[in-house]
Amino acid sequence: AQKVTQAQTEISVVEKEDVTLDCVYETRDTTYYLFWYKQPPSGELVFLIRRNSFDEQNEISGRYSWNFQKSTSSFNFTITASQVVDSAVYFCALSEGDYAGNNRKLIWGLGTSLAVNP
Amino acid sequence: DTEVTQTPKHLVMGMTNKKSLKCEQHMGHRAMYWYKQKAKKPPELMFVYSYEKLSINESVPSRFSPECPNSSLLNLHLHALQPEDSALYLCASSQAAWGGNTEAFFGQGTRLTVV
């Protein structure tokens, strides 16, 4: 069965610290997709990244970076030089799919609440 | 700014009331979704519309009634709710016809309180 585990329930850091949010997934499919979403206190879920199972290249977007390792079934998210505006709940999610483009619903982790203190 | 707009932002309703939540997107997306989110939990999928047709109903009680009048609009009609239905209701849309492997874009949600 598919499953997403975010072991860190809450993390608190001081501004400018680097922080890594862990995400471990389980799936029996060879084709799947991984996502990260950010949910600030305002409530809106903000899409951050989508990665398919065949692309293990790490991704960097400004202060954000993602490390995808199939060998350990992990898709970790690092924020470099954290800022107060990064305070939010971060969700990792998994979806299984196929080449025909048939989609499946997202399996969500429980989220990690990140507090960045000034 | 979010391109998925939800109204109202907050709603308080009694258990005998009828109300509607509205969602609008102008990105030409083919799939639209309703999610329910309780505090400190991930979102739970309720309904999926694909090409304006209901594709998925995740065994949601009939007191929640979705409607998709056109490709840009999605409504959620509420009737005879229970206090445990109090939650954040999120609308989302995605480009692909119902989307696990394309990203979904979410609105800011409606915080619903049932009294």
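Every chain is numbered independently, its residues counted from 1 as its sequence is written. Labels are handed out in written order, letters beginning with A for the chains and numbers beginning with 1 for the ligands. Only residues with pLDDT of at least 70 are given local features in this predicted model, and only at 80 or more are side-chain atom pairs given and counted; all residues enter the totals for whole chains, interfaces and linings. Think of the side-chain values as coming from all heavy atoms in the structure, minus any hydrogens and water.

Chemist: I'd like a rundown of the overall build of chain A, residues and numbers included.
Modeler: Runs of H or I in DSSP of at least four residues are treated as helices and runs of E of at least two as strands, each being numbered from the N terminus. Check the secondary structure of chain A and you find zero helices and 12 strands. Across chain A, helices and strands are ordered from the amino to the carboxyl terminus as β-β-β-β-β-β-β-β-β-β-β-β. It is over C-alpha atoms that the radius of gyration is taken, and the globule rule equals 2.2 Å times the number of residues to the power 0.38. For 118 residues, the compact-globule estimate of 2.2 N^0.38 gives 13 Å, and chain A sits close to it at 14 Å. Counting across all 118 residues of chain A, residues that qualify as buried make up 44%. By the convention used here, residues are in contact when the closest approach between their heavy atoms is within 4.5 Å. A separation threshold of at least 6 residues defines the contact pool for chain A, and within that pool the share at least 24 residues apart is 58%. Each residue's exposure class comes from its accessible area (1.4 Å probe, protein chains only) as a fraction of the maximum for that residue type: buried when under 20%, exposed when over 50%, partly exposed otherwise.

Chemist: Quick one: what's the story with the side chain of Asn-75 of chain B, residue by residue and with numbers?
Modeler: Residues and elements named next belong to chain B. Residue position: Asn-75 is located in strand β8 (residues 73-79). On the accessibility criterion, Asn-75 (8% relative accessible area) is buried. Setting aside anything within four residues of it in sequence, one finds Asn-75 in contact with Leu-21, Lys-22, Trp-34, Ser-65, Pro-66, Glu-67 and Pro-69.

Chemist: Go over the state of the cysteines with me, naming the residues and quoting the values.
Modeler: Only a pair of cysteine sulfur atoms within 2.5 Å counts as a disulfide in this structure description. A complete count under the given rule lists two disulfides over all chains for this structure. Through a disulfide, Cys-23 of chain A is tied to Cys-92 of chain A; the S-S separation comes to 1.9 Å. Of note, the bridge from Cys-23 of chain A to Cys-92 of chain A carries an S-S torsion of about -65 degrees and is left-handed in sense. With Cys-23 of chain A in the loop between β3 (19-21) and β4 (24-26) and Cys-92 of chain A in strand β10 (residues 88-96), this residue pair connects regions lying 69 residues apart in the sequence. Neither Cys-23 of chain A nor Cys-92 of chain A differs from the other in exposure class; each is buried. The residue that forms a disulfide with Cys-23 of chain B is Cys-91 of chain B, at a sulfur-sulfur distance of 1.8 Å. Handedness here is read from the sign of the S-S torsion; for Cys-23 of chain B and Cys-91 of chain B, about -70 degrees, the answer is left-handed. Of this pair, Cys-23 of chain B sits in strand β3 (residues 18-25) while Cys-91 of chain B sits in strand β9 (residues 87-94), placing them 68 residues apart in sequence.

Chemist: Describe the packing of aromatic side chains, with residues and values.
Modeler: Residue and element names in this part refer to chain A. When two rings of Phe, Tyr or Trp (its six-membered ring) have centres within 6.5 Å they constitute a pair, described as stacked for plane angles under 30 degrees, edge-to-face for angles over 60, and tilted for the intermediate range. Applying the stated criterion to the full structure yields 19 aromatic pairs over all chains. Ring geometry for Tyr-25 versus Phe-68: centroids 6.3 Å apart, planes at 45 degrees, classification tilted. Of the two residues, Tyr-25 is situated in strand β4 and Phe-68 in strand β8 (residues 64-69); the sequence distance between them amounts to 43 residues. When the ring of Tyr-64 is compared with that of Phe-77, the centres are 5.1 Å apart and the planes differ by 90 degrees; the resulting orientation is edge-to-face. Highlighted residues: Tyr-64 in strand β8 and Phe-77 in strand β9 (residues 74-79), separated in sequence by 13 residues. Pair check on accessibility: Tyr-64 and Phe-77 agree, each one buried.

Chemist: Help me get a handle on the pairing of strand β7 (residues 64-70) of chain B, residues and values and all.
Modeler: All names here are of chain B. Where β7 lies against β8, five bridges are found, and the strand directions are antiparallel. Bridge assignment links Pro-66 to a residue of β8, and that residue is Leu-76. Hairpin connection from β7 to β8: two residues lie between these consecutive antiparallel strands. Any two strands with at least two DSSP-identified bridges between them are counted as paired.

Chemist: Mind laying out the pattern of salt bridges, listing which residues take part and the relevant values?
Modeler: A pair is scored as a salt bridge if a Lys or Arg side-chain nitrogen falls within 4 Å of a carboxyl oxygen belonging to Asp or Glu. In this structure the tally under the stated criterion is six salt bridges over all chains. Taking the shortest distance from any N to any O, the salt bridge between Arg-51 of chain A and Asp-55 of chain A comes out at 3.6 Å. Take Arg-51 of chain A: its relative accessible area is 5%, and that puts it in the buried class. Put simply, Asp-85 of chain B and Arg-63 of chain B hold a salt bridge, and the shortest N to O gap is 2.7 Å.

Chemist: Can you lay out the nonpolar core for me, pointing to particular residues and giving the numbers?
Modeler: Residues and elements named next belong to chain A. Remark: nonpolar core denotes a set of buried residues (Ala, Val, Leu, Ile, Met, Phe, Trp, Tyr, Cys) joined through side-chain atoms within 4.5 Å. Ranked by internal contacts, the top residues of the largest apolar core, which has 24 residues, are Trp-36, Trp-66, Phe-77, Tyr-90 and Leu-114. The leading source of residues in this core is β10, at four residues. Look past the residues within four positions of Phe-77 in its chain and what remains in contact with it is Val-19, Thr-20, Leu-21, Trp-36, Leu-48, Tyr-64, Ser-65, Trp-66 and Tyr-90.

All quantities given are derived from atomic positions and should not be read as evidence of function.
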